[in-house]
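Reading the structure
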Protein chains: 2
Amino acid sequence: MIVALAGGVGGARLADGLARCVGGALTVIVNTGDDFEHLGLHISPDLDTVMYTLAGIANPATGWGIAGETWATLEQVARLGGPDWFRLGDKDLATHILRSERLRRGDRLTEVTADLCAALGVAPRVLPMSDASVRTVVHSGAERYPFQDYFVRLKCAPPVTTLHFEGAAGARPSPEVEAALRDPSLAAIVLCPSNPYLSIDPILALPGIRELIGHAGAPVVAVSPIIGSAAVKGPAAKIMAELGVRPSATAIAEHYRDLIDGLMIDTVDGELAHGIEAMGMRVQATPILMRDVDDRQRLAEECLAFAGELRRGVG
Amino acid sequence: MIVALAGGVGGARLADGLARCVGGALTVIVNTGDDFEHLGLHISPDLDTVMYTLAGIANPATGWGIAGETWATLEQVARLGGPDWFRLGDKDLATHILRSERLRRGDRLTEVTADLCAALGVAPRVLPMSDASVRTVVHSGAERYPFQDYFVRLKCAPPVTTLHFEGAAGARPSPEVEAALRDPSLAAIVLCPSNPYLSIDPILALPGIRELIGHAGAPVVAVSPIIGSAAVKGPAAKIMAELGVRPSATAIAEHYRDLIDGLMIDTVDGELAHGIEAMGMRVQATPILMRDVDDRQRLAEECLAFAGELRRGVG
């Protein structure tokens, strides 16, 4: 069994690579700090990106949303004076409508996600990190932005002062997340190349989850979302700079140092390996940019091989 | 000022004819007994049919829904295992999503409808009969069907024993409906050719509405939804037969006899005029089938002229 922690696009792509290696023997624990209520619908952007990617229906150009999507409902929403800054495609809306109805009826997000995945033929288990509400809030000076306001409406423009994961302290990992991390057959825990601050940290903010990962007895491997001094996608590098951290694979290593046994960095960052290993972790340098499905699978294979080495090293 | 009482397609078409005659000097009071919650959305089929027809965007073939509609969301809902027996188009969904969200926030259906109409450029006032929930329930022997189950899912197959308007006794016409019927400048009240049992009776079941109509001081004119022994559209004739009433313009006259001053019947039913007038109302025979927009306007003009004659007769 493999457990992956993932946020949106980058995380979903490595999760897809892992699924191509181990199929149903994969559990993906997904950030729900980005979730929000919009137009009366419960929207789980990261869960959906992972689900659509694993189902093979994700839009290959954007990484989020569904391939071949149409926008008739959203155009009509705008015509009726409603908000259209958050792009909800017609097919995608079916997910939000069905999920919202079931949550309102009292079903858990974990159960709803499992049923959606089953309907889409997704073999790995996709688990929201928690059934409780955790909401990432971006502080920018005196301003506080709900995550999607910051991320989509304001296009990440406000400089980040701090990040707060509202509700995290009182939330719990779901029973399914706990069980996945306590599984004695666990062979590796992979922190996918998602934004550490926005996508992985909300998961790590759940009480008890760091202990569950630490005691799992499986090597913990992270894949850097930074190549050189740039993020592969999204605002990771910008946020790091705003938080006073020089964006680099080394900074990723520092961020995760208490948690991980190994870090995969890009070949171009090979010279950083020595410094990172001095922090007490192993490093593997390899091309980590996933341009296509073959890249995903190759990176996943290398990731699992690296974890295998670490396990033997640990054992 | 003209007030029209309307249900779905037939009512919407005459309301459109009236709007072509008097523009904004028209208030349409619409049945909401057909409203229901579906997929977590508040759906108001008759309100929407009236609104879309007056906005000039109704599907001309079906009479309901929006012209040029697409079905991407509903197809995906079905793929995800959700129900697709109630046909919700992509554009149409925008109405339901925005309305549901505002109702959940505590806005009144009357306010929401006004804003949707404004966005669609609808000049007449479209008023839900009440802001309270009234739900038409079809009894068929020992079975009880929520209206849309009967009407759409079961295609009106179960024979109707009785109809019940759940919540009507405790509901009130909205303040706007009351004000429209108390308007001293009211020149006519028109009962549109909607199904009397399913579309007009729920409105008439609201406490006080018959008195408001009776005391309005304006002539009340109905347009028969029956031509010969058939309904122009929908199950009116079938239901009448199941309730032991021979479907005819005479039966419509009997149904409304305490309420109306005049009935417009089709030319083919001209021989019934004498018997209907013996019930104490005036009759006008004219072609009442509305095949196109010109028919709507001509029928509306004749309807208003008929009401004018009745007013002079009353005065």
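Residues numbered from 1 in each chain as written. Chains lettered and ligands numbered in written order. Predicted model: local features only at pLDDT ≥ 70, side-chain atom pairs only at ≥ 80, totals over all residues.

1. Some remarks on the overall build of chain A
The helix and strand tally for chain A stands at 13 helices and 14 strands. Since a compact globule built from 315 residues should have a radius of gyration of about 20 Å, the 19 Å found for chain A is in line with a globular shape. For chain A, the spread of C-alpha atoms along the three principal axes comes to 60 × 40 × 40 Å. Evaluated residue by residue, chain A yields a buried proportion of 51% over its 315 residues. Within chain A, counting contacts between residues at least 6 apart in sequence, those at least 24 apart form 66% of the total. (Helix = DSSP H or I, 4+ residues; strand = E, 2+ residues; numbered from the N terminus. Rg over C-alpha atoms; globule rule 2.2 N^0.38 Å. Buried ≥ 20, exposed ≤ 12 C-beta atoms within 10 Å, placed from the backbone. Contact = placed C-beta atoms within 7 Å.)

2. Observations regarding the nonpolar core
With 109 residues, the main nonpolar core has Ala-4, Ala-15 and Val-221 of chain B as its most contacted residues. Excluding residues that lie within four positions of it along the chain, Ala-15 of chain B makes contacts with Ala-4, Ala-6, Val-28, Val-50, Thr-53, Leu-54 and Cys-192 of chain B. (Core = buried A, V, L, I, M, F, W, Y, C linked by C-beta atoms within 7 Å.)

3. A short note on the sheet that holds strand β13 (residues 262-265) of chain B
Residue and element names in this part refer to chain B. Spatial strand order, β5-β2-β1-β9-β10-β13-β14: seven strands in an open sheet with parallel pairing. Whereas interior strands pair on both sides, the edge strands pair on one side only; in this sheet they are β5 (125-128) and β14 (282-285). Across this sheet, the average inter-strand angle for adjacent strands is 20°, counted without regard to direction. Relative to strand β9 (residues 188-191), strand β1 (residues 2-6) runs parallel, the two sharing four bridges. Following the sheet pairing, Leu-5 is matched in β9 by Leu-191. The sheet contacts of helix α11 (residues 249-256) involve β9, β10 (220-223) and β13, and relative to β13 the element is tilted by about 160°. (Pairing = 2+ DSSP bridges. Axes fitted to C-alpha atoms, helices over the stretch in contact; angles between N-to-C directions.)

4. Structural notes on the relation of the copies chain B and chain A
Copy one and copy two of the chain differ by a rotation about a common axis and a shift along it. At an RMSD of 0.0 Å, chain B and chain A line up after a rotation of 180° and a shift of 0.0 Å along the axis. The operation mapping one copy onto its partner corresponds to a two-fold rotation axis. Taking C-alpha positions as the reference, the residue of chain B nearest the rotation axis is Asp-90 of chain B, at 3.4 Å. A symmetric contact is evident, with 100% of the interface residues of chain B recurring at the interface of chain A. (Least-squares fit on C-alpha atoms with pLDDT ≥ 70 in both.)

5. Overview of α11 of chain B
Most of α11 of chain B is tucked away, with six of its eight residues classed as buried. Ala-249, Thr-250, Ala-251, Ile-252, Ala-253 and Tyr-256 of chain B are the residues of α11 of chain B that are buried.

6. Here we look at the interface of chain B and chain A
At the interface, 24 residues of chain B touch 24 residues of chain A. Looking at the side of chain B that touches chain A, the elements with two or more residues in it are α3 (72-79), α4 (90-104) and α5 (109-119) of chain B. Element by element, the count of residues in the side of chain B that touches chain A is highest for α4 of chain B, at 10 residues. Partitioning the side of chain B that touches chain A into residue classes produces 10 nonpolar, eight polar and six charged. (Nonpolar A, V, L, I, M, F, W, Y, C, P; charged D, E, K, R; others polar.)

7. Here we look at the packing of helix α4 (residues 90-104) of chain A against helix α5 (residues 109-119) of chain A
Residue and element names in this part refer to chain A. Look at α4 against α5: their axes get within 10 Å of each other, and the N-to-C directions meet at 145°. Like other packed secondary-structure pairs, α4 and α5 cross with a definite hand, here right-handed. Contact residues: α4 offers Thr-95, Arg-99, Arg-102 and Leu-103, while α5 offers Leu-109, Val-112 and Leu-116. Tallied by class, the residues present in the contact of α4 with α5 amount to four nonpolar, one polar and two charged. (Left-handed = near helix turned anticlockwise from the far one by under 90°.)

8. Side note on the sheet that holds strand β6 (residues 135-140) of chain A
Residue and element names in this part refer to chain A. Here we have three strands laid out as an open sheet, ordered β7-β6-β8, and antiparallel in their pairing. Taken across any chain shown, the strands that pair with only one partner, and hence form the sheet edges, are β7 (143-146) and β8 (162-166). Averaged over all pairs of adjacent strands, the angle between strand axes in this sheet comes to 30°, irrespective of strand direction. Pairing analysis gives four bridges linking β6 to β7, with the strands arranged antiparallel. Residue pairing in the sheet places Val-137 in a bridge with Pro-146 of β7.

9. Concerning unusual backbone geometry
Residues and elements named next belong to chain B. Of note, the phi angle at Leu-39 is positive, near 55°, even though the residue is not glycine. Mapped onto the fold, Leu-39 is located in the loop between β3 (36-38) and β4 (41-43). Leu-39 gets classed as buried once you count the C-beta atoms within 10 Å, which come to 21. The phi dihedral of Cys-156 is positive, around 60°, even though this residue is not glycine.

10. Looking at the pairing of strand β2 (residues 26-30) of chain B
Residues and elements named next belong to chain B. β2 sits mainly inside the fold: five of its five residues count as buried. Burial along β2 is two-sided: Leu-26, Val-28 and Val-30 facing one way and Thr-27 and Ile-29 facing the other are all buried. Here β1 pairs with β2 via five bridges, running parallel. For Val-3, the partnering residue across the bridge sits in β2 and is Thr-27. Read as a crossover between parallel neighbours, the route from β1 over helix α1 (residues 9-22) to β2 is right-handed. Two strands pair when backbone bridges link them, and β2 and β5 are joined in this way by four bridges, in the parallel orientation. (Right-handed = clockwise from strand over helix to strand, strands pointing away.)

11. Quick word on the environment of Pro-247 of chain A
Residue and element names in this part refer to chain A. Looking at the element boundaries, Pro-247 is found in the loop between α10 (236-242) and α11 (249-256). Since 21 C-beta atoms lie within 10 Å of it, Pro-247 is described here as buried. For Pro-247 and Ala-72, which are 175 residues apart along the polypeptide, the C-alpha to C-alpha distance reads 40 Å. Not counting residues up to four positions away in its chain, the partners in contact with Pro-247 are Ile-226, Ser-229, Ala-237, Met-240 and Ala-241.

12. As for α4 of chain B
Taking 1.5 Å of rise per residue, 15 residues should cover 21 Å, and α4 of chain B covers 21 Å from first to last C-alpha, within 8% of that figure. Among the 15 residues that make up α4 of chain B, 11 are buried, leaving the element largely enclosed by the rest of the structure. Listed in full, the buried residues belonging to α4 of chain B are Asp-90, Lys-91, Asp-92, Leu-93, Ala-94, Thr-95, His-96, Ile-97, Leu-98, Arg-99 and Ser-100 of chain B. Where α4 of chain B is buried, its residues meet α3 (72-79) and α4 of chain A together with β4, α2 (45-55), α3 and α5 of chain B. (Expected span 1.5 Å × (residues − 1).)

13. Describing the packing of helix α1 (residues 9-22) of chain A against helix α2 (residues 45-55) of chain A
Residues and elements named next belong to chain A. The contact between α1 and α2 brings their axes to 9 Å, and the two run at 35°. Considering how the two elements wind past one another, α1 and α2 form a crossing that is right-handed. Contacts between α1 and α2 involve Val-9, Gly-11, Ala-12, Arg-13, Ala-15, Asp-16 and Ala-19 from the first element and Thr-49, Val-50, Thr-53 and Leu-54 from the second. Among the residues forming the contact of α1 with α2, the class breakdown is six nonpolar, three polar and two charged.

14. Regarding the environment of Cys-192 of chain A
Residue and element names in this part refer to chain A. Mapped onto the elements of the fold, Cys-192 is located in the loop between β9 (188-191) and α8 (196-204). You can call Cys-192 buried: it has 29 C-beta atoms within 10 Å. Every residue in contact with Cys-192, bar those within four places of it in the chain, is listed here: Ala-4, Leu-5, Ala-6, Gly-10, Gly-11, Leu-14, Ala-15 and Val-223.

15. Some details on the environment of Ala-142 of chain B
Residues and elements named next belong to chain B. By the element assignment, Ala-142 lies in the loop between β6 (135-140) and β7 (143-146). The exposure class of Ala-142 is exposed, given the 6 C-beta atoms found within 10 Å. Distance in space between the C-alpha atoms of Ala-142 and Thr-161 is 9.1 Å, their sequence separation being 19 residues.

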